[in-house]
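What the coordinates show
This is what each chain is made of:
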Amino acid sequence: MKIVGTIAEMRALCRSAKSGGKRLGLVPTMGALHEGHLSLVRAAKEKTDVIATSIFVNPTQFGPTEDFSRYPRALEKDCAILWREGVEFVFAPAVEEMYPAGAVTWVTVGGLSDRLCGKSRPGHFRGVATVVAKLFHIIEPDAAFFGQKDAAQHAIIRKMVRDLDMPVAIEVCPIVREADGLALSSRNAYLNAEERKSALVLYRSLQCAQELFRTGERNSAKLIAAARQEFASESNVRLDYFEIVNPDSLEPVLDTSSPSLAAVAAYVGNTRLIDNIVLGA
Ligand code: AMP
């Protein structure tokens, strides 16, 4: 396994890996790897011949008051894990390599970038789309693997790829959860024992909407109202949003007769967590 820090070397290695007709799979991450990330690596292994993983805590997707500087970083441990998984290339560039002084070009996916987390994290999805577009240009993967955990992110990437004719297949993998339902996230490491318990309210709220949906309720406002009730008893959790949207356009839907994305974001103490479920999938 090669750990690569420069764009030039990564591009050359990936081109030569593909030259014999092999299919290259990319798994983009911010590191501090967990089983959710590894499920993407394993999916890549099934569908492609050579796997590249990027580990880059991307500063442009963090707001000025967010956790960029304290985001968990564990490059050595991550590389040991990826080596065991059979990954060929780890791309771990420095910030200055990805954003040399004077870089001013951005990718903004109109409309979608301002929905769900984009509302409370202005500029977040512009940072995500820009860095993923750069990774696609550097690595030129045949397929890239994303988690359903970040449902808005993959909707935005799918739209970007379509609109800009990028020759890469976007594969989406299911959410990996702890036994009690909490979605795995690198940010779960911030939670103390009490917050860890409170964090379950995100999944509970989604299950509540899903239960009501199962009994036949299709009215989004009613599903949202019931789900929001779950937060009433959690004093150290602040709900950011609970929305039901179209999974592709991320526009709110009034009625959930076709498959709809129920998405939630909340601050548990100071830690912002997200989760989602597709109703009617
Ligand atoms: P991150 O390192 O948080 O930027 O995530 C990198 C990729 O892993 C993204 O495509 C995420 O959607 C995916 N991912 C993160 N957590 C999970 C999870 N619990 N299950 C499945 N995929 C995940």
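Conventions we followed
Residues numbered from 1 in each chain as written. Predicted model: local features only at pLDDT ≥ 70, side-chain atom pairs only at ≥ 80, totals over all residues. Heavy atoms only, no water. Domains from an automatic or database assignment. Contact = heavy atoms within 4.5 Å. Buried area = accessible area lost by both parts, 1.4 Å probe. Salt bridge = Lys/Arg side-chain N within 4 Å of Asp/Glu carboxyl O. Polar contact = N/O pair within 3.5 Å; in protein donor to acceptor, adjacent residues only side chain to side chain. pLDDT = per-residue confidence, 0-100. Helix = DSSP H or I, 4+ residues; strand = E, 2+ residues; numbered from the N terminus. Axes fitted to C-alpha atoms, helices over the stretch in contact; angles between N-to-C directions. Parallel < 35°, antiparallel > 145°, perpendicular 65-115°, else oblique. Left-handed = near helix turned anticlockwise from the far one by under 90°. Nonpolar A, V, L, I, M, F, W, Y, C, P; charged D, E, K, R; others polar. Core = buried A, V, L, I, M, F, W, Y, C linked by side-chain atoms within 4.5 Å. Buried < 20%, exposed > 50% of the residue type's maximum accessible area, 1.4 Å probe, protein only. 1 Å grid on protein atoms, 1.4 Å probe; cavity = no way out; pocket = protein on both sides within 12 Å on 5 of 7 lines; lining within 4 Å. Points joined across faces, edges and corners; volume = space filled by probe spheres on them.

1. So, the domain arrangement of the chain
You can read the domains of the chain as domain 1 (2-173) and domain 2 (186-279). Its C-alpha centre places domain 1 at a distance of 26 Å from the equivalent point of domain 2. Between domain 1 and domain 2, the residue contacts involve 24 residues of the former and 18 residues of the latter. Across the domain 1 to domain 2 interface the summed buried area is about 1800 Å²; carbon plus sulfur atoms make up 50%. Along the contact surface separating domain 1 from domain 2 lie three salt bridges. Applying the counting criterion to the domain 1 and domain 2 interface returns twelve residue pairs in polar contact (both at pLDDT 80 or more).

2. What about the confidence of the model for the chain?
Predicted confidence across the chain gives a mean pLDDT of 98, with 100% of residues reaching 70 or more. When pLDDT is averaged over each element of the chain, strand β5 (residues 143-147) comes out on top at 99 and helix α5 (residues 117-120) at the bottom at 96.

3. A few points about the packing of helix α9 (residues 200-214) against helix α10 (residues 220-229)
Packed helices, taken two at a time, are described by the angle between their axes plus the distance between the axes. At a closest axis distance of 8 Å, the pairing of α9 and α10 adopts a crossing angle of 140 degrees. Taken together, the axis directions place α9 and α10 in an arrangement best described as oblique. α10 is crossed by α9, and the crossing has right-handed handedness. Contacts between α9 and α10 involve S205, C208, A209, L212 and F213 on the former and, on the latter, K222, L223, A226 and A227. For the contact of α9 with α10, the per-class residue count stands at seven nonpolar, one polar and one charged.

4. Description of the nonpolar core
Ranked by internal contacts, the top residues of the largest apolar core, which has 49 residues, are F136, I139 and M160. A total of ten residues in this core trace back to one element, the largest contributor, which is helix α6 (residues 124-139). Both domains that meet at this core, namely domain 1 (2-173) and domain 2 (186-279), each give it at least three residues. Residue contacts for F136: discarding those within four places in its chain leaves L26, P141, A144, F146, I157, M160, V161, M166, V168 and I170. Core analysis: the second largest hydrophobic core is formed by 23 residues, L191, V201, A262 and L273 among them.

5. Section: the layout of surface pockets
Counted as a void, the second largest pocket has a volume near 200 Å³. In terms of lining, the second largest pocket is formed by 16 residues, of which the most central are I55, F56, V57, R73 and P93. The residue inventory of the lining of the second largest pocket, partitioned by class, reads 13 nonpolar, one polar and two charged.

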